[in-house]
Amino acid sequence: MDARGPRWTHASLRSRRVAPDGVPHLPHRTHSSQARNRPACQLAPRAAGLAPRRSGGECATPSAEAAGAAAGESADGGVSVVGVVGLGASGLAAAALAYRSGAREVRLFDTNVQLDVQDAVARVREYHEGEGQADDEFDSGRIQLYAGPHDKYEDALQGCDIVVLSPGVPYARVPVLAQLVKSGRAVSEIAFAANFLEDVRCALITGTNGKSTTTAFTAGLLAAAFDVPPNSVFAGGNLGTPLSKLALQSEMSPCIAAAVECSSYQLEPNDLANVMQVDAAVLTTFTPDHLARHGTLRAYADAKVNALRCLSPKGSVLLPGECADAFRGALSNAIESHDDDAFTVLGHAAAALGDDMESRVAFVRYGTDEIAASISAHEDDATLCGAYVSTLTPRCRLRLPCWAAGAHVDFDLSTLPCVGVHNRFDAACALFAVLATCSTNAPPDDAMYERLAKALATLVPPPHRLQRVGTPAGESMRVIFIDDSKATNVESTLAALDSLAGDGVTCACLLGGEAKRAADGTLGMGALAGTIHLRHLPAICFGADGATIASELVDAAPQGDATRVVGGVFSTMEEAVEAAYIAACEAMGTSETQGSDRTIAVLLSPACASFDAFDNFEHRGREFKKVATRLMS
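Residues numbered from 1 in each chain as written. Predicted model: local features only at pLDDT ≥ 70, side-chain atom pairs only at ≥ 80, totals over all residues. Heavy atoms only, no water.

Caption draft 1: Looking closely at the packing of helix H6 (residues 211-226) against helix H14 (residues 421-438). It is the contact of H6 with H14, at a shortest axis distance of 8 Å, that shows an interaxial angle of 45 degrees. Between H6 and H14, the interaxial angle falls into the category oblique. Relative to H14, the crossing made by H6 is right-handed. Contacts between H6 and H14 involve Thr213, Thr214, Phe217, Thr218, Leu221, Leu222, Ala225 and Phe226 from the former and Asn423, Asp426, Ala427, Cys429, Ala430, Leu431, Ala433, Val434, Thr437 and Cys438 from the latter. Looking at the contact of H6 with H14, its residues break down into twelve nonpolar, five polar and one charged. (Axes fitted to C-alpha atoms, helices over the stretch in contact; angles between N-to-C directions. Helix = DSSP H or I, 4+ residues; strand = E, 2+ residues; numbered from the N terminus. Parallel < 35°, antiparallel > 145°, perpendicular 65-115°, else oblique. Left-handed = near helix turned anticlockwise from the far one by under 90°. Contact = heavy atoms within 4.5 Å. Nonpolar A, V, L, I, M, F, W, Y, C, P; charged D, E, K, R; others polar.)

Caption draft 2: Here's a closer look at the nonpolar core. Core analysis: the biggest nonpolar cluster contains 75 residues, and Val106, Leu108, Leu243, Leu272, Met276 and Leu319 have the highest contact counts within it. In this structure, Leu319 is in contact with Leu283, Leu308, Ala350, Val361, Ala362, Phe363 and Val364, ignoring residues within four places of it in sequence. (Core = buried A, V, L, I, M, F, W, Y, C linked by side-chain atoms within 4.5 Å. Buried < 20%, exposed > 50% of the residue type's maximum accessible area, 1.4 Å probe, protein only.)

Caption draft 3: Seen up close, the environment of Ser359. In this structure, Ser359 sits in the loop between helix H12 (342-351) and strand S11 (361-367). With a relative accessible area of 53%, Ser359 lands in the exposed category. Ser359 sits 26 residues away from Cys385 along the chain, and the two C-alpha atoms are 9.8 Å apart.

Caption draft 4: A look at the pairing of strand S12 (residues 386-390). Buried residues dominate S12, accounting for five of its five residues. Bridging between S11 and S12 involves five bridges; their strand directions are parallel. Within the sheet, the bridge partner assigned to Phe363 lies in S12 and is Gly386. As defined by bridge partners, S12 adjoins strand S13 (residues 395-399) across four bridges and the pair is classed as antiparallel. When the sheet's bridge partners are listed, Ala387 is paired in S13 with Leu398. In this structure, the hairpin formed by S12 and S13 is closed by a connection of four residues. (Pairing = 2+ DSSP bridges.)

Caption draft 5: Expanded view of the sheet that holds strand S3 (residues 143-147). Spatially, five strands are ordered S3-S2-S1-S4-S5 in an open sheet, and the strand pairing comes out parallel. The outermost strands of the open sheet, each flanked by one partner alone, are S3 and strand S5 (186-188). Each strand axis lies, on average, 25 degrees off the axis of its neighbour in the sheet, ignoring direction. Here strand S1 (residues 81-85) runs beside strand S2 (residues 105-110); their pairing, made up of five bridges, is parallel. By the bridge assignment, Val81 is partnered in S2 with Glu105.

From the geometry alone we can't say anything about function, so treat these as descriptive.
Dropping the structure here:
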C-alpha cells in the first residue's frame, strides 16, 4: 500500500477457517519463481468424497456413490480439495488456478452430462500451461469431473474445502450451493482470483448497459495515464478474460493496473469486498434486468451495489445521475423507496451502505455546456461532483469528490473513433475511473492530461458493440452493416437507435431472439416504437420471440401506423438480414435520401438474448457478419 490507497489484499485459506463475516480466507500465490507445480500454499485435505485415482495419471469420473467416501485431513490443516462449479471460461480458469496453487484435488462440477472427462482435463491444462509453456509433470489425476445435477453430488460438494462458483451458475436455486454460500465455503470466481493478486491498481466497472465498453476504454486510458504498454494493464472479468487467467499469468506477465468488469451474477455472492479493494467503482447505468435470476429489482440493485463495498478508504464512486436525489433522500430519510422505480431502488441500495458513502459518491449526467459549467460556478456544492457529458458539443467535464472545491478538468471527445453519444458517455465514465485510480487529491498534471487526451483517439469498443462490418465492395450507395449483438435488452437497443440517428444514420433494425420478460409477462418492446417510427426504417423481427416483438411494436405504433414500425417477421436471423438489406437498398433510392449525406444501415441490435439459436451474443454477431459479408460482396 502507498499514499494512493490500498490495493489488492489477500489471505491464506485454512481448512474450516472462516472470517468473522462468514466468508473464508482464500489461498494466495507464491512469490517464488520456482517450478510451476510447487504449491503456492498448502491446500491440504479435509473430509472429502474422492473417487480412486487410476494409475498412469488418468482421471476418473466419480460416481455418486464413490463421492460419499471420506478422506482424512492432513496434519498441517491446509486445504486439500477445491471444487469448481460450472465449466465455462471462468470455471476452467479457476480450476487451473486451484491446481497451480497446490490443491491436492480439483473437483469439476457441471450439469452437462455429455462432458468428457479427458476433454475437461485438457482444457484445464491449457489454462494452467498458458501459451507455449508446456508442463510435462502435469498430474491429471488431481482433477475429477462430476457431470450431472449438482444435488446428485451433494456429498462431493460438501467434501470440498472451498467451492468456486462460475457466474452463470444460479446457486440460489440449488440447496447445497446456497447452503455453501451462506456458510462462507463457496465464493465467486472473481473473488477467488482476486485473492491471488497484489500490487495492482484497480478500477471496478458494473452497470446494466455500457460496462463492457467502459471497461475497455478504462484499460486503454489506464495504460496512457501510467505511461506503460497496453499489455501492462488488464481488461477482463465479465469482459472476455476471466480474472483467474490474470492470476495465472501474473508471475510471468505482471500488470500494474486492471479494469475489471463485474456482472450482477459475479457480484451476487457479496464476497468480493473481503479480498479486493479498488480505487474506483463505476456503475454506468441501471435498468431492470436479469430479474429471472435475482427475483426482485432490489435484489438486482443490491448485487450491483456490492461493487461499492470494495472501495478503498480513499476511493471514489460514480453512479447514474438519475439516482442522485433518491440517494441523498434515502440518507436523510426524506424519500421512501418505491419498488417499481429503478433509480429510487438503486439510490436506496447505495445509501444503505452508510453515511460515509456521501463524501465519496459522484454522478454521471448528460447536460448542456451551461450545466457542466456550473461545477465552477458553484464550487462549494459537493453534489456537483462527477462527470458531465455535453449534449451540445463532444466534450465532458469531470470533478472527483476528493478534489478541492471547484477543481475540474475538461476533455474533448470529438476524437473518439466510434459513433454515438453513448460512446462519449462511456468515455467520460472511463476517464472518471482512471482519474480516481491514478490521482491523489488533485486533477492530473499536464503530462498525464496530454497522454489521456491523445489516448481518447485510440479507443475502440469491444466486438459486437456498434461495430461496423466491413466496407461494401464497389458500393456507391451508402448502405452499411453494424453489429450490435451485445444489445440484449431494450434499453441498449434504444440507446443505439438514438445515438445512430443523432449521427445521421437511419437504420433497418433487426430485433429478435429470446426476449426478457417483465413481471407482467410483456417484453417492453413498445418502448422502441416511437424512435423507429420517427427516425428509422421499419424494424425486421426474427427468432423465437419475433412475432411477439412485432405485436408489441404494432400496439405501440404512433397514430396506429403499424407499417412504419414493423417491416416483417422471419424465422431465422439470416432471412431477417436479407430482408433488412433489401429494405435499406430500397430506402436509398427514395427522394428523402437521394442527394443527402444520410447513411442507411442494417443494424443488428436485437434487444434479446441469443440462446434460442446461438451459443451466445458473440456467436450471433459472427453469423451476422457472415451474412453481411456475403451480401456486400
